[in-house]
Every structure is written in C-alpha cells, then in structure tokens.
Amino acid sequence: LQTLPPMQLADKYFQIFPEERDPLWQNPCHDKRHKDIWSKEKTCDRLPRFLVIGPQKTGTTALHSFLSLHPAITSSFPSLVTFEEIQFFSGPNYNNGIDWYMDFFPFPSNVSTDFMFEKSANYFDTEVAPKRAAALLSRAKILAVLINPADRAYSWYQHQRAHQDPMTVNHTFQEVVTARPASPRELLILQRRCLKPGAYATHLERWLHHYQPSQVHIVDGSQLRSNPALVMEGIQRFLGVTPIFNYTQALTYDESKGFWCQRVEGARPKCLGKSKGRKYSDMTPESRAFLTEHYREHNMELLRLLNRLGQPLPAWLREELQSSS
Ligand code: A3P
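Residues numbered from 1 in each chain as written. Predicted model: local features only at pLDDT ≥ 70, side-chain atom pairs only at ≥ 80, totals over all residues. Heavy atoms only, no water.

Engineer: What's the story with the UniProt feature "active site" (unreviewed entry) in the chain in this structure? I'm lost.
Structural biologist: When the UniProt feature table is mapped to this numbering, "active site" (unreviewed entry) covers Lys57. Note on placement: Lys57 falls in the loop between strand 1 (50–54) and helix 3 (60–68). Given a relative accessible area of 16%, Lys57 falls into the buried group. The contacts of Lys57, once residues within four sequence positions are left out, are Ile147, Arg152, Ser155, Trp156, His159, Ser275, Lys276 and Arg278. Of the polar contacts made by the side chain of Lys57, one reaches the side chain of His159; its length is 3.4 Å. (UniProt positions renumbered as here; feature names shortened; annotations may be inferred. Helix = DSSP H or I, 4+ residues; strand = E, 2+ residues; numbered from the N terminus. Buried < 20%, exposed > 50% of the residue type's maximum accessible area, 1.4 Å probe, protein only. Contact = heavy atoms within 4.5 Å. Polar contact = N/O pair within 3.5 Å; in protein donor to acceptor, adjacent residues only side chain to side chain.)

Below is the structure:
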C-alpha cells in the first residue's frame, strides 16, 4: 500500500476528483456514516432554524432587531469583519467549514424552544447560496424581505454614497440606472450591483429550487416599516414559534427617527443607528419612471410566483403593476 504526505495526497486526490474541489457541507447528523465519525464533543444543534436572506436595503436590520426581542428566538453572534453578518453561504467564509459557522451560535439551552437564526442580506441574490444552505440546513425556514425594487435600488445607491464610494459620488442615480453598454466599465458594474438584486422572482426561483414553498416566507418590507407588529405576528405563525410575542407592546413609533423602535421603560426608545433610515431627497420622477419600466417584467414574474405559492401580494407590487400597465 502506497501513500503520500498529506498535501501531496490532497493534490493527487483533487487531480482525480476535480469536481470535489468546492466543498458542499452537509449536516453530519443526517447521515449515520458521518455521525459515527463526528467527534463526540461536537453537536449538530448549533445551527440556525431559519435564515433571513435579504436582499440588502429592504429592512433586514430592523427585522433582525425585532426578531432578537423575542424571548424564544436567538440570533447568531455578530461577525467582527462582515458588518455583523456571518455571510457563510455567500462567499469565501464557506471554506472555513461548519465548525467555524457553528461557533457563531450559542449552545442551545433548550433545543425544543430555541429558534436560532442568522441574517446575511447578500444570500438572497448570491448564485451558490441556496444550494449550500439547503445542503447544510435542509429543514430551515427562509425569510426574504421585499420592497419596491426601485426604492431598494435607490436606498442602495444612497448607502454607497454615504460610504463615499467614488463612483456613486461622481454619478447621479439617473446616470447609474440608465448606463448603456458603451458606458465606462466601472459604471456598468455599479449599475449591475444596484439593479440585479431587484429581479426578485429570478432569485426566489433559485431558492425554491432547493427549498419547499412551505419553507419560504415573503415579508412585505413596506408593511414591516409601517406596521411591524402585524408583520411580526405573521412571521411568528410561519415559524411556529411560541409563545406569540406581542410586538404592539414591545415597539413604539419614534417621531424624530420616523421609524418604529424598541420601547424602553422610562427611557427613550432604542432605534437603529444613523445608517438605517437615512434622510435623502426623493427619487426623481425620471428615475422612477425608468425603473418602473425596467422592473415591469420582473414584477410580473413575482406576481405569478406569489400567486403560485398562494402568498399575499404586497401593496407596493399591486401599485407598481397598476402604474406600469
Ligand atoms: P433607508 O436608510 O434607505 O431608509 P437594511 O437593514 O436591509 O439595509 O435596510 C435598511 C432600510 O430599512 C432603511 O433604508 C429603512 O428604510 C428600512 N427600515 C425599515 N424599518 C426600519 C426601522 N424600524 N428603522 C430603521 N430603518 C428601517
């Protein structure tokens, strides 16, 4: 019997099986052969029961903070490098393996009542994320938050500008969204990053390829903003989490912030930071008209998809389709 030192052996192995270069992590406890060799000191319970997948700028941080108020729901620990999000299924962190991922979750104190979750807003539109998520978390539930994709694009642009991204500082929103194939490459890259997540139906179909419709819940982000207590009730029922937590008492509308915030007894409400709920001028009518047209077919697809799933249509989707018909 011949063998080689570990690195050379690995090189040899991947020469023979190149398709295995990219790992696909599965839950070790779902397969007896894997479980038998899984260390006795480890558990398979340090994994989330549900994911908030994004997309960015739809109210995912507000949803994360509201969920964290629930006594039976536990969030992952914040990552110090990627804006608090773990971003495991969407990029290079995936190569760190499942021990690395599990370290972001506490040991469940009572597995039957603890609903652990994580929110990484770029999962929604990352090609590989649903396949990877389903391989490890096949029984998880998935929450996606949708607002009018035109507003999402504008919020994203304002976010980039606030971070002094040179391309957004030097180009108006109208210039970004209307860039043509002959425009500078950097502008086209920015345009794609701005507009692509808003093709909601395309991204959702990818998730639905790996998860059952009953595992996926679409959250109306506009309603989350205007009436979070109602939306949080629907989410709790979808998750099957008990007891139903009363968000009408836990949240209060803060006039100066202009958003719903956590009620704190005898003190000012605890709102999200300055980077959430920014003040900026309204989108110009030209940009809105352009984006209504740009997203018309995508929104029609979303309408068909939601009808197929039997999920309610967000008010913004009805309005958008009426205004573009
Ligand atoms: P703006 O800052 O453009 O208004 P995300 O957390 O996914 O990045 O989304 C940020 C957006 O969440 C904000 O975009 C804001 O409109 C929205 N939002 C919804 N409810 C909110 C709340 N209670 N507090 C702050 N922002 C909220």
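Now that the structure has been shown, we can carry on.
Engineer: What should I look at first to understand the pattern of salt bridges in this one?
Structural biologist: Side-chain pairing between opposite charges can occur once the charged atoms of the two side chains come close. Taken as a whole, this structure holds 12 salt bridges when the rule is applied. In this structure, Asp99 and Lys42 form a salt bridge, with 2.7 Å as the shortest nitrogen-oxygen distance. Placement of Asp99 in helix 4 (residues 97–102) and of Lys42 in the loop between helix 2 (32–37) and strand 1 is noted, with a sequence separation of 57 residues between them. (Salt bridge = Lys/Arg side-chain N within 4 Å of Asp/Glu carboxyl O.)

Engineer: Honestly, the confidence of the model for the chain in this entry has me stumped. Any pointers?
Structural biologist: Scored by pLDDT, the chain has a mean of 95; 98% of the residues are at 70 or more. Model confidence for the complex: the whole-complex pTM is 0.95, and ipTM, which rates the interface, is 0.99. (pLDDT = per-residue confidence, 0-100.)

Engineer: Can you walk me through the pairing of strand 1 in this structure?
Structural biologist: Along any regular strand, the residues point their side chains to alternate faces of the sheet. With 5 of its 5 residues buried, strand 1 lies for the most part within the structure. Of the strand pairs in this sheet, strand 1 and strand 3 (residues 115–119) are connected by 3 bridges, and their pairing is parallel. Among the inter-strand pairings, Leu51 is bridged to a residue of strand 3, identified as Glu118. (Pairing = 2+ DSSP bridges.)

Engineer: I keep staring at the site of the ligand and nothing clicks. Help me out?
Structural biologist: Every one of the 16 residues lining the ligand counts as a neighbour, but Thr60, Thr61, Ser155, Gly277 and Tyr280 are closest to it. At a separation of 3.0 Å, an oxygen atom of the ligand approaches a polar backbone atom of Gly59. Within the side chain of Thr61, an N or O atom sits 2.5 Å from an oxygen atom of the ligand. Starting from 580 Å² of accessible surface for the ligand in isolation, the protein chains cover 95%. At the level of elements, helix 3 and strand 7 (259–262) are the ones that each hand at least two residues to the shell around the ligand. Of the residues forming the shell around the ligand, the biggest block, 4 residues, is contributed by helix 3. Of the residues contributing to the shell around the ligand, the split by class is 6 nonpolar, 6 polar and 4 charged. (Near = heavy atom within 4 Å. Areas by Shrake-Rupley, 256 points an atom, 1.4 Å probe, with all protein chains shown as cover. Nonpolar A, V, L, I, M, F, W, Y, C, P; charged D, E, K, R; others polar.)

Engineer: For this particular structure, what's the right way to read the side chain of Glu118?
Structural biologist: Considering the arrangement of structural elements, one finds Glu118 in strand 3. The side chain of Glu118 is buried and forms no salt bridge, while Lys119, the nearest opposite charge, is found at 8.8 Å. Of the polar contacts made by the side chain of Glu118, one reaches the side chain of Tyr123; its length is 2.7 Å. Excluding residues within four positions of it along the chain, Glu118 makes contact with Pro48, Phe50, Leu51, Val52, Ser76, Ile86, Gln87, Phe89, Tyr101, Phe105 and Tyr123. (Lys, Arg positive; Asp, Glu negative; His and termini not counted.)

Engineer: I would appreciate a short explanation of the state of the cysteines in the present structure.
Structural biologist: Every disulfide links exactly two cysteines, by a covalent bond between their sulfur atoms. This structure, assessed with the given rule, holds 2 disulfides. One disulfide in the model links Cys29 with Cys44; its S-S distance is 1.7 Å. Judged by the sign of its S-S torsion, about 75°, the bond between Cys29 and Cys44 is right-handed. Remark: Cys44 occurs in the loop between helix 2 and strand 1 and Cys29 occurs in the loop between helix 1 (6–16) and helix 2; sequence separation between them is 15 residues. For Cys44, a relative accessible area of 11% gives the class buried. (Disulfide = S-S within 2.5 Å.)

Engineer: Just to check I follow, could you spell out the nonpolar core for this structure?
Structural biologist: Residues Phe88, Phe89, Tyr101, Leu137, Tyr211 and Leu302 are the most contacted members of the largest nonpolar core, which totals 43 residues. Of all the secondary structure elements, the ones that give two or more residues to this core are strand 1, helix 4, helix 5 (129–136), strand 4 (141–146), helix 10 (200–210), strand 5 (216–220), helix 15 (296–309) and helix 16 (315–324). Here Tyr211 is in contact with Pro130, Ala133, Ala134, Leu137, Ser138, Ala140, Ile142 and Val216, once residues within four sequence places are set aside. One finds Leu67, Phe115, Val219 and Leu251 within the second-largest nonpolar core, a separate group that totals 23 residues. (Core = buried A, V, L, I, M, F, W, Y, C linked by side-chain atoms within 4.5 Å.)

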